Amino acid sequence: MIRAEFRVPQSLHRFLDCLKPSGRHHLFSAAAASVSDLVRRHIAADAPRRHSSSQFDDGTGQRTGFMEKAARKTVFHADANHGEVVIPSPGFGRAFHDVEIVPTHGAALTIPISSHAYGHRVKELRSMGWIVFSPKKSEGAKENLGTLMGYGPNGEQAIPLYVLKKLVRQRQDRSLLPSDAAISTTASRAMLSEINRISKAA
C-alpha cells in the first residue's frame, strides 16, 4: 500500500491557518478527491504501455488488468492538516525509490514469461489442467534459478512458463504516478475552486 501526500503553496497555507479545523478538513478533502482522480486517470492511461503482457489472453479468456484494478481501488483520506492518496499496491512504491523483491513464500520468485502464466500462480495453472515441471537447471546468472516449463490441458508441446529468481531489482520510475508538480497544482486548483464556490454561495 502506497501513501502519497500532497503539498499546497505557502500562500494557501496562510489562508488555511485562518480557518477552523472543519473548514480546513473540507478543503483538504476537496483537494484529495481531485488528486485521487488525477492518479486514477494517470494509472489507467499508462496501463496499456506499462503492461502490454496484460493485454494477452491468459488462457482463461480474461485479462489481468493489474494496473487498472489498482486505479479503481485508489482512495483518499484527509483531515484538518493534510490530505493523501492511497494506492493499494506496493508496486507503485517504485515511483519514489528503487525496489528489491525477494520471495516471501517458497525459495524463488516465479516471473511469468508466457501469456498463459501471466496473472496466475503455479498452483492455479495446475488446477486448470497444466502439468508444470522444472527441467534440469542450466548455467546462468546467479540470480536465475532456472525455468518452469508446462504442458497445457490439451497436451500441446511443453513451453516455458516462468523464470525462477531469488531476487528482482526494479529501478525507480517516477512516471508511474503523476509528477509532484501536477499533483500540487491539482490540489491547489481544487482548493481554490472550492473556496470560490463557497464565496459565491455566501
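Each remark here, short or long, concerns the structure printed above.
Let me sum up the structure you'll find in this document. (Residues numbered from 1 in each chain as written. Predicted model: local features only at pLDDT ≥ 70, side-chain atom pairs only at ≥ 80, totals over all residues. Heavy atoms only, no water.)

To summarise the sheet geometry, strands pair through backbone hydrogen bonds and adopt either a parallel or an antiparallel arrangement. Read across the open sheet, the three strands follow the order S1-S3-S2; overall the sheet is antiparallel. Each of the sheet's edge strands pairs with one partner strand only, and the pair in question is strand S1 (2-5) and strand S2 (75-78). Strand-to-strand twist of the sheet, defined as the mean angle between neighbouring strand axes without regard to direction, takes the value 25°. Sheet topology note: the S2/strand S3 (residues 83-87) ladder contains four bridges and is antiparallel. Bridge pairing in S3 places Phe76 opposite Val85. (Pairing = 2+ DSSP bridges. Helix = DSSP H or I, 4+ residues; strand = E, 2+ residues; numbered from the N terminus. Axes fitted to C-alpha atoms, helices over the stretch in contact; angles between N-to-C directions.)

On to the nonpolar core, then. In summary, soluble globular proteins display a tendency toward joint burial of nonpolar side chains. If you look at the biggest cluster of nonpolar residues, it comprises 27 residues, and the most contacted ones within it are Phe6, Ile43, Ile87, Phe92 and Met191. Listed by contribution, the elements that provide at least two residues to this core are helix H1 (10-16), helix H2 (21-50), helix H3 (66-73), S3 and helix H5 (180-201). No other element matches H2, which puts nine residues into this core. Excluding anything up to four places from it in sequence, Ile43 contacts Met67, Ala71, Thr74, Ile87, Phe92, Leu176 and Leu177. Counting residues in hydrophobic clusters, the runner-up holds nine residues, among them Val132, Leu148, Tyr162 and Leu164. (Core = buried A, V, L, I, M, F, W, Y, C linked by side-chain atoms within 4.5 Å. Buried < 20%, exposed > 50% of the residue type's maximum accessible area, 1.4 Å probe, protein only. Contact = heavy atoms within 4.5 Å.)

It is worth spelling out the environment of His25 at this point. Within the fold, His25 resides in helix H2. A C-alpha to C-alpha distance of 8.0 Å links His25 and His82, two positions 57 residues apart in sequence. Each residue touching His25, except ones within four places of it in the same chain, is listed here: Ala78, Asp79 and Ala80. For His25, the side chain forms a polar contact with the main-chain oxygen of Ala78, separated by 3.1 Å. (Polar contact = N/O pair within 3.5 Å; in protein donor to acceptor, adjacent residues only side chain to side chain.)

Read these as spatial facts, not as claims about activity.
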